[in-house]
Amino acid sequence: MTLHIPTPLIESRPLSQACGSNMWLKLDALQPSGSFKLRGVGHACEVHHARGARRFVSSSGGNAGLAVAYAGRKLGVPVTVVVPETTTERAKELLRQEDAEVIVHGSAWHEANALAQTLVGADAAFIHPFDDPLLWAGHASLVDEVAQTGLKPDAVVLSVGGGGLLSGVVEGLQRNGWVDVPVVAVETEGAASLHAAMRAGHSVELQQLTSIATSLGAKRVADQALASTRQHPVVSQLVSDHQAVQACQQFLHDHRLLVEPACGAALALAYSTQALAAYRTVLIVVCGGATATLAQIQAWAASTRPQ
Ligand SMILES: *Cc1c(COP(=O)(O)O)cnc(C)c1O
């Protein structure tokens with residue numbers, strides 16, 4: 001038994017027609033916590049629980065925090081999430097819905113995170129949003145599920161924030177012997193920390209994050225994310241916030257699923273670029289995201305500009 005669920009794998013006619021390749025969707029937006037994060041976070045929480053953790057602590061007001069809250073409720077382990085004042089009411093409401101204790105502290109994430117660290121005693125486990133081998137092992141299950149269906153794609157498209165999903169998917173590709181299946185790693189221009197690191201050839205800290213895709217907002221990717229690009233073929237691609245948000249709207253129309261711009265970034269590569277033309281069969285990781293409302297997506301669509 002795992003805390004995450006095996007998700008549907010479907011062929012998308014609208015996306016296939018939009019970009020000319022056979023587009024397959026791994027629908028991790030349907031995870032009970034609303035995003036793929038539950039794969040890795042659920043695994044990490046189960047391991048820490050088995051090792052005796054009696055509380056889980058997170059400093060993510062986004063999908064990682066939600067996954068910890070869900071995992072804690074399912075395992076009967078109390079969860080504390082420390083978030084900064086900038087966290088939306090919607091995100092706090094979702095955390096409380098999962099019975100997590102929400103502490104609002106500080107004007108920016110690093111202040112919330114600093115308080116969270118002080119709450120991690122001997123019997124509590126801190127669950128990182130992207131930089132932990134336990135997470136990557138859990139995320140890798142996404143590739144196992146695809147391999148079990150017999151479908152072998154010519155490329156896998158996914159979004160990158162801190163690079164936990166990338167690290168896990170590469171681990172999954174390698175452990176299934178798919179060393180020849182490239183990963184197309186998509187970021188928005190205002191949150192392109194992997195792109196900067198790949199270009200520099202070493203880990204880079206971005207000065208600032210300007211994208212509306214807050215779930216991609218890591219100033220620096222995990223070291224393993226950059227290492228993954230050396231262990232496996234990885235292509236970096238960028239899209240604008242406008243393209244990401246347009247993709248959210250088009251995807252809602254086409255597949256009746258509301259996802260965050262963080263996920264729209266991966267979808268945008270198929271909807272509005274030619275970047276996938278070289279691949280016959282493409283798997284898109286529909287990573288999901290629970291914190292954006294329809295009203296917010298519509299407001300972003302009105303406020304971002306085409307380039
Ligand atoms: C966390 C998240 C990402 C990015 O994942 P990383 O492991 O940080 O690269 C992308 N999309 C959604 C919806 C997320 O919650």
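Conventions adopted
- The numbers attached to residues start from 1 for each chain and follow its sequence in the written order.
- Totals for whole chains, interfaces and linings use all residues, but because this is a predicted model, local features are given only for residues with pLDDT of at least 70 and pairs of side-chain atoms are given and counted only at 80 or more.
- Remark: hydrogens and water are excluded; side-chain values derive from all non-hydrogen atoms of the structure.
- In DSSP terms, a helix is any run of H or I states spanning at least four residues, a strand is any run of E spanning at least two, and both are numbered starting from the N terminus.
- We compute the radius of gyration over the C-alpha atoms and compare it with the globule rule, which gives 2.2 Å times the number of residues raised to the power 0.38.
- Residue exposure (1.4 Å probe, protein chains only): buried if accessible area is under 20% of the type maximum, exposed if over 50%, otherwise partly exposed.
- Throughout, a contact is declared for two residues whenever any of their heavy atoms are within 4.5 Å.
- All accessible areas in this document rest on Shrake-Rupley with a 1.4 Å probe, and a residue is counted as covered only by the protein chains that are shown.
- Charged residues are defined narrowly, with Lys and Arg counted positive, Asp and Glu counted negative, and His plus the chain ends left uncounted.
- Where a charge lies is defined by one atom per residue type, namely NZ (Lys), CZ (Arg), CG (Asp) and CD (Glu).
- At least two DSSP bridges between two strands are required for those strands to pair.
- Interaxial angle, 0 to 180 degrees, is taken between N-to-C directions of lines fitted to C-alpha atoms, where a helix line uses only the stretch in contact.
- Whenever Lys or Arg places a side-chain nitrogen within 4 Å of a carboxyl oxygen from Asp or Glu, that contact is recorded as a salt bridge.

### Topic: the overall build of the protein
Moving on, step 1. For the protein, the count of helices and strands is 13 helices and ten strands.
Moving on, step 2. Taking 2.2 N^0.38 as the reference for a compact globule, 307 residues should give roughly 19 Å; the C-alpha atoms of the protein span a radius of gyration of 18 Å, in line with that estimate.
Moving on, step 3. On the principal axes, the C-alpha backbone points of the protein span a range of 50 × 45 × 40 Å.
Moving on, step 4. Per-residue burial for the protein yields a buried fraction of 58% across its 307 residues.
Moving on, step 5. Across the protein, the fraction of contacts at a sequence separation of at least 24, relative to all contacts at a separation of at least 6, is 71%.
Moving on, step 6. Carbon together with sulfur atoms contributes 50% to the accessible area of the protein, which is approximately 12500 Å² in total.
Moving on, step 7. Each charge sign in the protein was given a centre, from 21 positive and 25 negative side chains, and these centres are 2 Å apart.

### Brief notes about unusual backbone geometry
Moving on, step 1. Even without being a glycine, Asp99 presents a positive backbone phi close to 70 degrees.
Moving on, step 2. Along the chain, the position of Asp99 falls in the loop between helix H4 (89-97) and strand E5 (101-104).
Moving on, step 3. Not every positive phi belongs to a glycine, and Arg256 is a case in point at roughly 60 degrees.
Moving on, step 4. Checked against the element boundaries, Arg256 lands in the loop between helix H11 (241-255) and helix H12 (261-272).
Moving on, step 5. Residue Arg256 is classed as exposed on the basis of its relative accessible area of 64%.

### Re the sheet that holds strand E9 (residues 234-239)
Moving on, step 1. With mixed pairing, six strands are arranged side by side in an open sheet as E1-E2-E10-E7-E8-E9. Each end of this open sheet is capped by a strand with a single partner; those strands are strand E1 (9-11) and E9. In this sheet, adjacent strand axes meet at a mean angle of 25 degrees when their direction is disregarded.
Moving on, step 2. Strand direction decides the pairing type here: strand E7 (residues 155-159) and strand E8 (residues 183-188), joined by four bridges, are parallel. Bridge pairing in E8 places Leu158 opposite Ala185.
Moving on, step 3. Running at roughly 130 degrees to strand E2 (residues 22-27), helix H7 (residues 141-149) makes contact with E1, E2 and strand E10 (281-286) of the sheet.
Moving on, step 4. Against the sheet, helix H8 (residues 164-175) contacts E7, E8, E9 and E10, and its axis sits at roughly 160 degrees relative to E7.

### As for the pairing of strand E3 (residues 55-58)
Moving on, step 1. Of the pairings in the sheet, the one linking E3 to strand E6 (residues 124-126) comprises three bridges and is parallel in character. Across the sheet, Arg55 pairs through a bridge with Ala124, a residue of E6.
Moving on, step 2. Relative to strand E4 (residues 79-83), E3 runs parallel, the two being bridged by three bridges. Residue pairing in the sheet places Val57 in a bridge with Thr80 of E4.

### Quick look at the pattern of salt bridges
Moving on, step 1. Applying the stated rule across the entire model yields eleven salt bridges.
Moving on, step 2. Between Glu145 and Arg39 there is a salt bridge, with its nearest N and O atoms 2.8 Å apart. Of the two residues, Glu145 is situated in helix H7 and Arg39 in helix H2 (residues 37-50); the sequence distance between them amounts to 106 residues. Each member of the pair, Glu145 as well as Arg39, carries the same accessibility label: buried.
Moving on, step 3. What you see here is one network of salt bridges that share partners, running through Lys26, Asp28, Arg39 and Glu145.

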